[in-house]
Amino acid sequence: MLKFYLVATSHLFISSLSPPPKKEEERITICQMASRKAALFSSILIVSLFVTFTEAREIMVGGKNHSWKIPSSESDSLNKWAEASRFRVGDTLVWTYDPQKDSVLQVIKKDYESCNTSSPVATYRDGNTKVKLDKAGPYYFISGADGHCEQGQKLVTVVMSTRRQFIGISPAPSPVEFEGPAVAPTSTGGVNLRGSLGLVFGVLAGMILF
């Protein structure tokens, strides 16, 4: 009886040292592969989101051509369009207008509020003006045509910091007092097509991997 017990015990000890059955090995391998795929998918998704939130865009002021003119009502002010849009560091604002009749002046806040055209930060008269938003904070623009700013042809945009844009927080634009009748925006003017495609690519890549 003692001999039988010792033999049985030795068999149990040896079996505990032997490798797991083939099915168990396959299960472990599958779990490891799934974990690696999940980690890879997460990395791709994070990169795609980063591209979506950081890629620079060209944004048409007002959402369409020739929106830079005296607005027709307060609700159609360009600042209403700006309040509904998000502007990020690296974006470029684009104005189209008749250079024989108008211009774009970038000014400081005080001159924006008083419609002072005598000391602009920058003056643009080319009819296809592009201004790169290279830092976070407010940017102020007024028309250089006589009397246009007083009638509401002006724009203030607030650019998100890199940190805020990545986590999806948009600061509210500074309150703007409407001083006259602006063109109604017909599109968001802030759609990042290539960035959105990057996000879609990341999701599709993850689906293929799984």
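Just so it is clear, the model here is predicted, and its values are computed rather than measured.

Reading the values: rules and limits
- Chains are numbered independently. Their residues run from 1 in the order of the written sequence.
- Note on the predicted model: pLDDT of at least 70 is required for a residue's local features to be given, and 80 or more for side-chain atom pairs to be given and counted; whole-chain, interface and lining totals, by contrast, use all residues.
- Here the side-chain values reflect all heavy atoms present in the structure, with hydrogen atoms and water set aside.
- Each Phe, Tyr or Trp ring (for Trp, its six-membered ring) is paired with any other whose centre lies within 6.5 Å, and the angle between the two planes then decides the class: stacked below 30 degrees, edge-to-face above 60, tilted in between.
- The rule for a charge over a ring is simple: NZ of Lys or CZ of Arg within 6 Å of the ring centre, and within 35 degrees of the ring normal.
- Each helix is a run of H or I in the DSSP string that is no shorter than four residues. Each strand is a run of E no shorter than two, and both are numbered from the N terminus.
- Salt bridges are counted wherever a side-chain nitrogen of Lys or Arg sits within 4 Å of a carboxyl oxygen of Asp or Glu.
- Burial here depends on accessible area, computed with a 1.4 Å probe over protein chains only, as a share of the maximum for the residue type. Under 20% is buried, over 50% is exposed, and the range in between is partly exposed.
- DSSP calls a pair of strands paired once it identifies at least 2 bridges connecting them.
- Angular values range over 0 to 180 degrees, each being the angle between N-to-C directions of two axes fitted as lines to C-alpha atoms, with helices fitted over their stretch in contact.
- Note on terminology: pairs of cysteine sulfur atoms within 2.5 Å are recorded as disulfides.

So what about the packing of aromatic side chains? Which residues, and what values?
This structure, assessed with the given rule, holds four aromatic pairs. The rings of Trp68, Trp95 and Phe141 are connected pair by pair, giving a single aromatic cluster. Seen from the ring of Tyr112, Lys154 lies directly overhead, with NZ or CZ sitting 4.3 Å from the centre.

With reference to specific residues and values, describe unusual backbone geometry.
Here His66, not a glycine, exhibits a phi torsion of approximately 55°, which is positive. Here His66 is to be found in the loop between strand S1 (58–60) and helix H3 (78–83).

Give me the lowdown on the pattern of salt bridges, citing residues and values where you can.
Going through the model one piece at a time under the given rule, you end up with two salt bridges. The salt bridge partner of Arg57 is Asp91, with a shortest N-O separation of 2.3 Å. Of the two residues, Arg57 sits in the loop between helix H2 (22–54) and S1 while Asp91 sits in the loop between strand S2 (87–88) and strand S3 (92–96), which places them 34 residues apart along the sequence. Residue class for Arg57 comes out buried when judged on its relative accessible area of 7%. Here Asp91 falls in the buried class, since its relative accessible area comes to 0%. Residue Lys130 is joined to Glu58 by a salt bridge in which the shortest nitrogen-to-oxygen separation is 3.3 Å. Here the residue Lys130 occupies a position in strand S6 (residues 128–132), and Glu58 occupies one in strand S1, the gap between them amounting to 72 residues. We classify Lys130 as partly exposed; its relative accessible area is 43%.

Tell me about the sheet that holds strand S5 (residues 122–124), residues and numbers included.
Hydrogen bonds between backbone groups are what pair the strands of a sheet, and the pairing can be parallel or antiparallel. Ordered in space as S2-S8-S7-S4-S5, the five strands form an open sheet in which the pairing is mixed. Every other strand in the sheet has two partners, leaving S2 and S5 as the edge strands with one partner each. In the sheet, strand S7 (residues 137–143) pairs with strand S8 (residues 154–160) via six bridges, with the strands oriented antiparallel. Along S8, the bridge assignment pairs Ile142 with Lys154.

Report on the sheet that holds S6, specifying residues and quantitative values.
Here three strands make up an open sheet; going across it, the order is S1-S3-S6 and the pairing mixed. Since the sheet does not close on itself, it has two edges, and those belong to S1 and S6, each with one partner. Across the sheet, the axes of successive neighbouring strands diverge by a mean angle of 25°, strand direction being ignored.

Break down the state of the cysteines for me, with residues and values.
Scanning the model with the defined rule gives one disulfide in all. Across the disulfide from Cys115 sits Cys149; the S-S distance is 2.1 Å. With the S-S bond torsion at -75°, the cross-link from Cys115 to Cys149 turns out left-handed. Linking Cys115 in the loop between helix H4 (109–114) and S5 with Cys149 in the loop between S7 and S8, this pair joins segments that are 34 residues apart in sequence. The class for Cys149 is buried, based on a relative accessible area of 1%.

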